[in-house]
Structures are given as C-alpha cells and as structure tokens.
Amino acid sequence: MSAHQRGNFSDVWLAYRLRWKRRRFLFRIWRKRKQLAEVVNRTTDIGPNDILAFVTVRNEMTRLAHFLDYYRNLGVNHFVFVDNASDDGTAAYLKVQPDVSLWTTPHSYKLARFGMDWVGWLQWQYGHGHWCLTVDADELLTYPYRDTRDLRALTGWLDQQKMPSFGATMLDMYPKGSIAQATYEAGADPIAVLPWFDAQNYRERVHPIYENRWIQGGVRERIFFADAPERAPTLNKTPLVRWHWRYAYVSSTHQMLPRRLNHVFGTPARPTGVLLHTKFLPTICAKSAEEIHRRQHFENSDLYESYHQNLTTGPDLWAPTSCRYENWEQLVNIGLMSKGDWV
C-alpha cells in the first residue's frame, strides 16, 4: 500500500470513528434527559425563524437582567435555560420571564459534560432548524457591525453564504486593581466594571482530530498558567450554529461534530466574533471558594485548585500592556476578530 493510500485509509477510518463518537454523544444526551425537570415550557411560542439561546446557569442572579436584555437587543427571540440547583433566586427570576423556558437539575454539572448533555437534549428537542446560540451567563457575544446589525442580519448573511456555524474567541475582561475591590450592582453592564483585556499574547494551532483552531493565551495564561501554558483555558468557541438534531458539542462549545462545523477560523471570507468574558466580577472570589469544594468545572480539578485558590484572594490582573475596551472595530484592528467578506 502506498503512502497516499495509507493516508486515505487513515482519513476514512478517522471519519468512521468520529461518526460513531457523535452517535455515542447523542445516545448519552438522550439518556441524560431524565435528569431534567421541566419548570416552565413556553417553547410553543417559538416561531419557525426565531433565534434561540441555550444556557446552563448556577447562581447567576446578579448577571441575568443585563444578560437577557443584551441578547434580546441582539435579536434572540427565546431563551432555553437549565438551572443547576441555584439557591440565589435564579430559577424564580427566570420562571417569570415571558421569553424563557426553564428546566432544573440537581445532578452533577461535571458528569453531564459540563452541562452539554442537558442543553444537547433541549437543542435536540427545540433547536432543530433554528440558529442556536449556546453561551454561558458570563459571555457577551460581539461581532463586526454589532452596533448597527443584529443577529438576524448576521445569520441571514451566513445562510446566504452556506456557512452553518460562526466562531468566536473568548476574551477575558478584568478591572484595574484587585478583583475583590471592584464594585458591581446587579443588572449593570459588567464591561463598565471590567473594561480591560490582554490584546496580543495569543497563539493557535489546528487540532489534529477535530480540525478546529485551538486558541490559548490571554490574561489567565499570563497570571495563572505561566509555568504550564499548555494547561491554560481553551479560548476558541463555536457558539452560534444553524442547528440540526444530529449535531453535538464535544467539549463545551470549543469543538463540534461533524467536524465541518469547526471550520470557523482561518478562512479570509469568514467573519468571526468575540465572546466578552465577564468572569472576573468581584463575585468570582466566593464562586472560586465554592468551586474548590464542589470541583465541578474542570475535567482534572486538581490541576486547577491553585487557580481557584488564587482567585479567592482577589488578585490584580492588570498590567502595563493591558488594553482598554472600546468597540468591535478596535477588536478587528487588533486582529482578535474579522469582518471577512461581510460588508
């Protein structure tokens, strides 16, 4: 067998294995549906062309008012939430929102693939055929022309170009000074409290199996993983997808199957976005202390224990190289996102 034939055989065999892996994910999602309890289901209100958002939350009451308003203004028509045993009023608040459907579960976030099994079932049931945005409560999507064009305009253009997925880089936002000393009032814009970010210290490579651009770097690597950069958080995401019930997220929204949905970076014609990551509000100190006990947010929690310990102290993440956020055009000029051929 020639080298070319061996290469073709290897490609076919990998594609076959990944098809079966996707089927196993779908079977797992189907099994995990029993962990969800319906609180309020308004999905009959969903129109055929509505844009949907799928979110898993735990104790995010301080963020929710701004989060919902932000995405409503962006063009999301209906929100599908999974609440993971919040005790701060999150579920009660969401229950009375007219454009929210809500499920709850007390089960392990980690053992549900960090919530992806739960939202995967709801996407299977309600997302098919819709543009679906899958984000966390601390992620605010921005993209080229966001100030004048909503998600309907973006997804309409993507449909015309036959691009079924849209990529975004997660950009960690932080204050100047101690995180613990920052002041945030529930419902306010978190970017007003967290206006700084790292602009240049990023690197990427192509994942050898899933073919996505694997992006790392930024402030969390600079502060917490300088001695082990390979362990730094993954920053590439595919949060916006024209959903089909056969699709599945592999690892959070970092990777998907089929692999073609991961081809969202590195093509000059494709626009890309940024997820403004508002993790570092002062509430992170208490949340990190809780996470040390719960150990629900990382595959190998032991590797991240010192990270959470450091966050409980409210460190100062700012550096002289930090950049103050202005607008989407600034992010395009820096090279953190692209307009592609969208004009």
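Position numbers for residues start from 1 in each chain and track the written sequence from start to end. Local features are withheld for residues below a pLDDT of 70 in this predicted model, meaning they are given only at 70 or higher, and side-chain atom pairs are given and counted only at 80 or more; totals for whole chains, interfaces and linings count all residues. Water and hydrogen atoms play no part in the side-chain values, which are based on all heavy atoms of the structure.

Engineer: Which residues make up the overall build of the protein, and what values do they have?
Structural biologist: A count of helical and extended segments in the protein gives ten helices and 15 strands. What the globule rule says is 2.2 Å times the number of residues to the power 0.38, and the radius of gyration is computed from C-alpha atoms. For 343 residues, the compact-globule estimate of 2.2 N^0.38 gives 20 Å, and the protein sits close to it at 20 Å. Projected onto the principal axes, the alpha-carbon positions of the protein cover approximately 65 × 45 × 45 Å. Each residue gets one of three labels from its accessible area relative to the maximum for its type: buried under 20%, exposed over 50%, partly exposed in between, using a 1.4 Å probe on protein chains only. Taking all 343 residues of the protein together, the buried fraction comes to 55%. Any two residues whose heavy atoms approach within 4.5 Å are treated as being in contact. Put simply, 74% of the contacts in the protein that link residues at least 6 apart link residues at least 24 apart. Per-residue accessibility takes into account occlusion by the displayed protein chains alone, with areas from the Shrake-Rupley method and a 1.4 Å probe. Of the roughly 15500 Å² of accessible surface on the protein, 50% is carried by carbon and sulfur atoms. A helix here means a DSSP run of H or I that spans at least four residues, while a strand means a run of E at least two residues long, and both kinds are numbered starting from the N terminus.

Engineer: Can you lay out the sheet that holds strand β6 (residues 139–142) for me, pointing to particular residues and giving the numbers?
Structural biologist: Strands sit in the order β1-β4-β3-β2-β5-β11-β7-β14-β6 across an open sheet of nine strands; the sheet is mixed. Looking at the sheet topology across the chains shown, the edges are occupied by β1 (37–40) and β6. Each strand axis lies, on average, 25° off the axis of its neighbour in the sheet, ignoring direction. Here, strands pair whenever DSSP counts at least two bridges between them. Here five bridges tie strand β3 (residues 78–83) to strand β4 (residues 100–104), and the two strands are oriented parallel to one another. Bridged to phenylalanine 81 within β4 is leucine 102. To obtain an axis, a line is fitted to C-alpha atoms, over the contacting stretch when the element is a helix, and the angle between two such axes runs from 0 to 180 degrees between their N-to-C directions.

Engineer: Before we move on, could you go through the packing of aromatic side chains and cite the residues and values that matter?
Structural biologist: Between the rings of Phe, Tyr and Trp (Trp by its six-membered ring), a pair exists once the centres lie within 6.5 Å; its type follows the angle of the planes, with under 30 degrees stacked, over 60 edge-to-face, and the other angles tilted. Summed over the entire model, instances satisfying the criterion amount to 19 aromatic pairs. Pairing tryptophan 103 with tyrosine 126 gives two aromatic rings, centres 5.7 Å apart and planes at 40°, and the pair type is tilted. With tryptophan 103 in strand β4 and tyrosine 126 in helix α4 (residues 116–126), the pair connects residues that are 23 residues apart, well separated along the chain. Classification of tryptophan 103 by relative accessible area gives buried; the value is 6%. Judged by its relative accessible area of 22%, tyrosine 126 falls in the partly exposed class. Ring centres of tyrosine 109 and phenylalanine 114 lie 6.0 Å apart, and the angle between their planes is 70°; this geometry places the pair in the edge-to-face category. What makes tyrosine 109 buried here is its relative accessible area of 13%. Among the aromatic side chains, those forming a connected cluster through ring pairs are Phe67, Tyr70, Tyr71, Phe79 and Phe81. If you follow arginine 33 out to its NZ or CZ, it ends over the ring of tryptophan 30, 4.1 Å from the centre. Charge-over-ring contacts are defined here by two conditions on Lys NZ or Arg CZ: a distance within 6 Å of the ring centre and an angle within 35 degrees of the ring normal. Directly above the aromatic system of tryptophan 121 lies the positively charged group of arginine 33, at a separation of 5.8 Å from the ring centroid.

Engineer: An account of a nonpolar patch on the surface is requested, with residue identities and associated values reported.
Structural biologist: Residues qualify for a patch when their relative accessible area is over 30% and they have no salt bridge, like charges being joined within 9 Å and the nonpolar side chains of Val, Leu, Ile, Met, Phe, Trp and Tyr within 5 Å. Note on definitions: salt bridges are taken to be side-chain nitrogens of Lys or Arg within 4 Å of carboxyl oxygens of Asp or Glu. A cluster of nonpolar residues, Trp13, Tyr16 and Trp20, forms a patch on the protein surface that exposes about 340 Å² of accessible area. Considering the arrangement of structural elements, one finds tryptophan 20 in helix α1 (residues 3–32).

Engineer: Go over α4, please, and point to the residues and values.
Structural biologist: Burial analysis of α4 places eight of its eleven residues in the buried class, the great majority of the element. All buried positions along α4 are accounted for by Met116, Asp117, Trp118, Val119, Gly120, Trp121, Leu122 and Gln123.

Engineer: How would you explain the nonpolar core if you had to name every residue and give the values?
Structural biologist: To form a nonpolar core, buried Ala, Val, Leu, Ile, Met, Phe, Trp, Tyr and Cys residues must be joined to one another through side-chain atoms within 4.5 Å. Judged by nonpolar contacts, the single largest core of 53 residues is most densely connected at Tyr71, Phe79, Phe81, Leu141, Leu151, Leu276 and Leu331. No other element matches helix α2 (residues 61–74), which puts six residues into this core.

Engineer: Describe the side chain of glutamine 97, with residues and values.
Structural biologist: Within the secondary structure layout, glutamine 97 lies in the loop between α3 (90–95) and β4. Judged by its relative accessible area of 11%, glutamine 97 is buried. In this view, glutamine 97 contacts Arg42, Leu68 and Arg72; residues no more than four positions away in its chain are not counted.

Engineer: Can you tell me about the environment of aspartate 198, naming the residues and giving the values?
Structural biologist: Following the sequence through the fold, aspartate 198 ends up in the loop between β8 (196–197) and β9 (202–206). Spatially, the C-alpha atoms of aspartate 198 and glycine 218 are 5.5 Å apart, while their sequence positions differ by 20 residues. Sequence-distant contacts of aspartate 198, defined by excluding residues within four places in its chain, comprise Leu171, Tyr174, Gly218, Val219, Arg222, Ser322 and Leu336. Pairing of N or O atoms within 3.5 Å defines a polar contact, subject to two protein rules: one partner must be a possible hydrogen donor and the other a possible acceptor, and residues neighboring in sequence count only if both atoms are side-chain atoms. At a separation of 3.1 Å, a polar atom in the side chain of aspartate 198 contacts the side chain of asparagine 201.

Engineer: Lay out the pattern of salt bridges in plain terms, naming residues and giving numbers.
Structural biologist: All told, the structure shown has 13 salt bridges when counted by the stated rule. Here aspartate 136 and lysine 237 are joined by a salt bridge, their closest N and O atoms 4.0 Å apart. Of this pair, aspartate 136 sits in the loop between β5 (131–134) and β6 while lysine 237 sits in strand β11 (residues 236–242), and the two are 101 residues apart along the sequence. Judged by its relative accessible area of 28%, aspartate 136 is partly exposed. Members of the salt-bridge network, linked through shared partners, are Arg28, Arg113 and Asp117.

Engineer: With reference to specific residues and values, describe the pairing of strand β2 (residues 52–57).
Structural biologist: The buried count for β2 comes to six of six residues, which makes it a mostly enclosed element. Neither face of β2 is open: one carries Leu52, Phe54 and Thr56, the other Ala53, Val55 and Val57, and all of them are buried. Traced from β2 through α2 to β3, the parallel crossover comes out right-handed. Examined bridge by bridge, β2 and β5 share three bridges and lie parallel to one another. The partner of phenylalanine 54 across the bridge, within β5, is threonine 134. Note on handedness: a crossover is taken as right-handed if, strands pointing away from the viewer, the path from the first strand over the helix to the second is clockwise.

Remember, this is a structural readout, not a statement about activity or role.
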